[in-house]
Amino acid sequence: MKKYFPIIALLILFSACENKQNQPVANKGIISIDTLQIKNNNSVKLTGEWEYYDNKLLTPDSFKNIKYKPEYITLPSLGKKSKLNKKGFSTFRLFVEIKNLDFDIALSCDRIFSSYKIWVNGKLVSNTGIVSRNKETYKPELKISFTKLQPEILKNDTLEIIVQSANFDDPVSGIITPFVIQNYETSFKDKVFESAILVAILSIVLMLGLFSFIMFIKRKKDYSSLYLSGLSMVFLVFGISTNDTFIKNIFLSDFTLITRFVHISVSIYPVMIILFFSQMFKNEISKFILRLTILLSISLITFSVFADVSTIRDFAFLKGLYIMFIFCYLVFYAIPIAIYRKLKGSTWAFLGMFFLFVTSFNDILFSLNIVNIGYLSIYGFLIYFFFQTLNLASNFAYSLSKNEELLHTLDFQNKNLEKIVVERTKEIQENQKIIIERNNKLEMQNEEIISQREAIFINNEKIRHQNIQTNSSIKYAGTIQKAIMPQENALKNYLDYFILSIPKEKISGDFYWFSVKKNRKKLTENIYIAVVDCTGHGVPGAFVSVLGNMILKDIINTKQIKKPSDILNKMNEEIIKTLKQGSNNNTDGMDVVLVKLKKINGNIEKITFSGAKSPLYLVNKSGKITRIKGSPKPIGGIIDSDFDFYYTDTIITPEKGDSFYLTTDGYIDQNNNDRQRFGTVKLMKLLRIISKRETNLQKEVLHRELIDFMEDEEQRDDITILGFKI
């Protein structure tokens, strides 16, 4: 039976539309009607070409005195290019030929916008509102025209129909729906029947709204009933305001009130629909769309209450777009998702919304004078409510079925309660035995865990004590290392320099070393500066650094070797000899940057550089940076008996303003969070930038740049940079 519901609904919907018959059509302002057709209770629509006099208000006397040249307009005139899509005033005229008329007829028209006068054969038969050439004196009124015409009114078997219309409020003016001629008794009965049908429909809508509201009172947590009740009231107001029956003439024909009622109800319509579905399908209706709909509806309601009637009607199409947007969102997106997820009631919701969508779309086109079917959304709402009723019935049937299942289960349980109690008691006893056994196992395991915990605690105490001793030893080793190394400010009377030293751990594998040799007779001073990177870091690196410091001190201060390359050659020999690297697998060594500064009369005249796998950086006073390479071999660590290797010297003649930098590889090898090294290129660029600054500021910039680059990455090696300025 369910598959026939959509077909039945379609039949109900389209039964509201009038069937087209073989109708006569006016040509050049004249139409001929068969009297027999009217007598057989058929209606004739006066469609086709009417005489049209734009911006003229003509009366029957006007045509007697002056011969006007008419334009012709085809009625009904629909679409964007219609001549009626304007504000103003105009006159229409049509000659109707009816032969042998011997009974009363009715001349009716449902919609003429929005004030009019009608003459038939010179007699004023209808006058609605005030027709005028200007907005100040014109008064709109919305009434259907229904006039009884007796045979005596005919002149030479012809009816001359003249219609004046004026409209300064609506975008469409004049004769909107066709005039109809019909047997008077039949026509009157049809109009009364239409009014009765409308009253019945509106009564049903009212009852449905009250029923939904009572359901909400009973179950206040179910807001969907409240929103459905509100939607019913909206359609009730809309149906009363837009009907083209005698009810409009009797109760509500005021143009301003009708306009505001229609547009307020249309503004409330979308928000009620989407609020209702937000209760049914909470996860499928977007919160953003819901809030947007509420905001737009509040704005449009405010506009419909306070704006000028003419302005409201001018922007009616925007409300149509708003309604179609909400309907398209529900019909083509939200409800199909609910169907896909197999949510209860989603199929019924889709069918109901589809019919409401189609009828509402028709109403929008009708209000914009694009189609001429009439308002159908009240029927669409009844179909929509019908499907919601089916949904409720389906839910009720499902609940009833579940209730029967529960009653059956309860009856079965009552009949078998004693047996079930015995079985459950047996199960409980068996479970108790299992629990007791598991508790015993857990107690044994707990005793083992306590014993293991005590052992772990003792071991942790031992490790903690050992760690304290180790840290104390390392701290003391650091104190010894600092004592052996030269003071950082030892050269402050000889050079403008800085030292950036950042150990990876408490003690470092990097060290710097100074020595000053004076020749008072020749008034010269030789300043030796070394920056050394020993193998490893922490404790191993510190041991090698102490050894390197002692060897340097012995070579320069005791053995009086002066040439930097000779110093490195001798240092290489001593490391290999001391660590016995020719007879074991020891590969410890060091990278060294060594410079000798020769000062004559207080001025540095010459700098001699020798490097073991480490360069010297020079930034001259013009800002050009040079990386002066040292020898490729480190001190110690590698024994190759195939050839003898000797370190070389590079002699530099410095100028005032030149800057020199001695560094270990810790700075350029440091990586960031993306595992990218700082690198030589970036360091050289940074040195070139900072070379003109004070040396203490250079140290700060180097330290800050390193921290910014590392972010939260761990330091990977000891870092030492010594820079001085000529």
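As the structure is a prediction and not an experimental result, all values here were calculated from the model. (Residues numbered from 1 in each chain as written. Predicted model: local features only at pLDDT ≥ 70, side-chain atom pairs only at ≥ 80, totals over all residues. Heavy atoms only, no water.)

1. Notes on the overall build of the chain
The helix and strand tally for the chain stands at 18 helices and 25 strands. With the principal axes as the frame, the chain shows a C-alpha extent of 150 × 95 × 45 Å. Within the chain, the fraction of its 726 residues that count as buried is 47%. Seen as two clouds, the 92 positive and the 73 negative side-chain charges of the chain have centres 4 Å apart. (Helix = DSSP H or I, 4+ residues; strand = E, 2+ residues; numbered from the N terminus. Buried < 20%, exposed > 50% of the residue type's maximum accessible area, 1.4 Å probe, protein only. Lys, Arg positive; Asp, Glu negative; His and termini not counted. Charge placed at Lys NZ, Arg CZ, Asp CG, Glu CD.)

2. So, the nonpolar core
If you look at the biggest cluster of nonpolar residues, it comprises 89 residues, and the most contacted ones within it are Leu46, Trp50, Phe277 and Leu330. Among the elements that line this core, the one with the most residues is helix α7 (residues 255-280), at 12 residues. Not counting chain neighbours up to four residues away, the residues in contact with phenylalanine 277 comprise Ile285, Leu330, Ile335, Ala349, Met353 and Tyr384. (Core = buried A, V, L, I, M, F, W, Y, C linked by side-chain atoms within 4.5 Å. Contact = heavy atoms within 4.5 Å.)

3. Digging into the packing of helix α17 (residues 680-690) against helix α18 (residues 695-710)
The relative placement of two packed helices comes down to the angle between their axes together with the axis-to-axis distance. The geometry of α17 relative to α18 is characterised by a closest axis approach of 10 Å and an angle of 145° between their N-to-C directions. Considering how the two elements wind past one another, α17 and α18 form a crossing that is right-handed. Taking contact as the criterion, the partners of Lys682, Leu683, Leu686, Leu687 and Ile690 in α17 are, on α18, Gln698, Val701, Leu702, Glu705 and Phe709. Here the residues of the contact of α17 with α18 sort into seven nonpolar, one polar and two charged. (Axes fitted to C-alpha atoms, helices over the stretch in contact; angles between N-to-C directions. Left-handed = near helix turned anticlockwise from the far one by under 90°. Nonpolar A, V, L, I, M, F, W, Y, C, P; charged D, E, K, R; others polar.)

4. Digging into the side chain of serine 132
In this fold, serine 132 is placed in the loop between β10 (123-128) and β11 (145-149). Within the structure, serine 132 has its side chain in polar contact with the backbone nitrogen of asparagine 134 (distance 3.3 Å). Side-chain polar atoms of serine 132 contact the side chain of threonine 137, separated by 2.3 Å. With residues up to four places along the chain from it excluded, the contact list for serine 132 reads Leu57, Phe89, Thr137, Tyr138, Ala166 and Phe168. (Polar contact = N/O pair within 3.5 Å; in protein donor to acceptor, adjacent residues only side chain to side chain.)

5. With respect to the packing of helix α5 (residues 223-242) against α7
Between α5 and α7, the least distance of the axes is 8 Å, while the angle of their chain directions is 155°. In terms of orientation, α5 and α7 fall into the roughly antiparallel class. As for the relative orientation of α5 and α7, their crossing is left-handed in sense. Taken together, the residues of α7 that come into contact with α5 (itself represented by Tyr223, Ser224, Tyr227, Leu228, Gly230, Leu231, Val234, Phe235, Val237, Phe238, Ser241 and Thr242) are Ile258, Phe261, Val262, Ser265, Val266, Ile268, Tyr269, Met272, Ile273, Leu275, Phe276 and Gln279. For the contact of α5 with α7, the per-class residue count stands at 18 nonpolar, six polar and no charged. (Parallel < 35°, antiparallel > 145°, perpendicular 65-115°, else oblique.)

6. Looking at the sheet that holds strand β15 (residues 496-502)
In space, the five strands of this open sheet follow the order β15-β25-β24-β20-β21, with antiparallel pairing throughout. Each end of this open sheet is capped by a strand with a single partner; those strands are β15 and β21 (625-628). Pairs of neighbouring strands in the sheet enclose a mean axial angle of 15°, with direction left out of account. As judged from the five bridges shared by strand β24 (residues 659-663) and strand β25 (residues 719-725), these two strands associate in the antiparallel manner. (Pairing = 2+ DSSP bridges.)

7. Details of the sheet that holds strand β7 (residues 105-109)
Two orientations exist for strands paired in a sheet by backbone hydrogen bonds: parallel and antiparallel. One open sheet holds the four strands; their spatial order is β3-β14-β7-β11, and the pairing between them is antiparallel. Each edge of the open sheet is held by one strand with a lone partner, namely β3 (44-45) and β11. Summarising the sheet, β3 and strand β14 (residues 180-183) pair through two bridges and their orientation is antiparallel. Across the sheet, the residue bridging to lysine 45 is valine 180, located in β14. Across the sheet, helix α4 (residues 184-218) is in contact with β7, β11 and β14; its angle to β14 comes to roughly 110°.

8. Considerations on the pairing of strand β6 (residues 88-98)
The buried fraction of β6 is high, at nine of 11 residues. Where strand β2 (residues 30-33) and β6 come together, four bridges link them in parallel fashion. Residue isoleucine 33 lies in a different strand from β6, and its bridge partner there is isoleucine 98. Relative to β6, strand β4 (residues 47-54) runs antiparallel, the two being bridged by four bridges. For glutamate 51, the partnering residue across the bridge sits in β6 and is arginine 93. In the sheet, β6 pairs with strand β12 (residues 158-167) via 10 bridges, with the strands oriented antiparallel. Paired with phenylalanine 89 across the two strands is alanine 166, which belongs to β12.

9. Observations regarding a positive patch on the surface
Positive charge collects at one region of the surface, where Lys522, Lys562, Lys598 and Lys606 lie side by side. For lysine 598, the position within the fold is in strand β18 (residues 589-600). A relative accessible area of 31% places lysine 598 in the partly exposed class. (Patch = residues over 30% accessible without salt bridge, like charges linked within 9 Å, V, L, I, M, F, W, Y side chains within 5 Å. Areas by Shrake-Rupley, 256 points an atom, 1.4 Å probe, with all protein chains shown as cover. Salt bridge = Lys/Arg side-chain N within 4 Å of Asp/Glu carboxyl O.)

10. Focus on the packing of aromatic side chains
Counted under the stated rule, the structure contains 33 aromatic pairs. An angle of 40° between the planes, with centres 6.5 Å apart, marks the rings of phenylalanine 213 and phenylalanine 216 as tilted. Of this pair, phenylalanine 213 and phenylalanine 216 both sit in helix α4, separated by three residues, roughly a single helical turn. The class of phenylalanine 216 is buried, set by a relative accessible area of 12%. Here the aromatic residues Tyr269, Phe327, Phe332, Phe357 and Phe361 are joined through ring pairs into a cluster of three or more. Above the plane of the ring of phenylalanine 63 lies arginine 93, whose end atom (NZ or CZ) is 3.9 Å from the centre. Between lysine 148 and the ring centre of tyrosine 184, over which it is positioned, the NZ or CZ distance is 4.9 Å. (Phe/Tyr/Trp six-rings, centres within 6.5 Å; stacked < 30°, edge-to-face > 60°. Lys NZ or Arg CZ within 6 Å of the ring centre and 35° of its normal.)

11. Description of a negative patch on the surface
A cluster of like negative charges, contributed by Asp674, Glu705, Asp708, Glu711 and Asp712, occupies part of the molecular surface. Examined against the element boundaries, aspartate 712 turns out to sit in the loop between α18 and β25.

12. Thoughts on the confidence of the model for the chain
Per-residue confidence for the chain averages 85 on the pLDDT scale, and 91% of its residues sit at or above 70. Here residues 1-20 scores under 50 on pLDDT; set against residues more than four positions off or in separate chains, the count is 21 contacts. (pLDDT = per-residue confidence, 0-100.)

13. Some details on unusual backbone geometry
For the bond from leucine 75 to proline 76, the omega torsion is 0°, close enough to zero to count as cis. Among the structural elements, proline 76 can be located in the loop between β5 (71-75) and β6. A cis amide bond, omega -15°, links phenylalanine 113 with the succeeding residue serine 114. Position of serine 114 among the secondary structure elements: in the loop between β8 (112-113) and β9 (115-120). With a phi angle near 60°, aspartate 157 is a residue other than glycine that sits in the positive phi range. If you trace the backbone, aspartate 157 turns up in the loop between β11 and β12. With phi around 60°, lysine 613 is a residue other than glycine that occupies positive phi space. By the element assignment, lysine 613 lies in the loop between β19 (603-612) and β20 (616-619).

14. Some thoughts on the pattern of salt bridges
Under the defined criterion, the tally for this structure stands at 21 salt bridges. Among the salt bridges present, the one from glutamate 71 reaches lysine 83, with a minimum N-O distance of 3.3 Å. Of the two residues, glutamate 71 sits in strand β5 while lysine 83 sits in the loop between β5 and β6, which places them 12 residues apart along the sequence. Here lysine 143 and glutamate 141 are joined by a salt bridge, their closest N and O atoms 3.6 Å apart.

15. Things to note about helix α15 (residues 564-578)
Given a rise of 1.5 Å per residue, 15 residues ought to cover 21 Å, and the 21 Å separating the end C-alpha atoms of α15 matches this to within 8%. Along α15, the positions that sit buried rather than exposed are Pro564, Ser565, Ile567, Leu568, Asn569, Met571, Asn572, Glu574 and Ile575. Once α15 finishes, lysine 580 follows within two positions and takes phi at roughly 50°, a positive value. (Expected span 1.5 Å × (residues − 1).)

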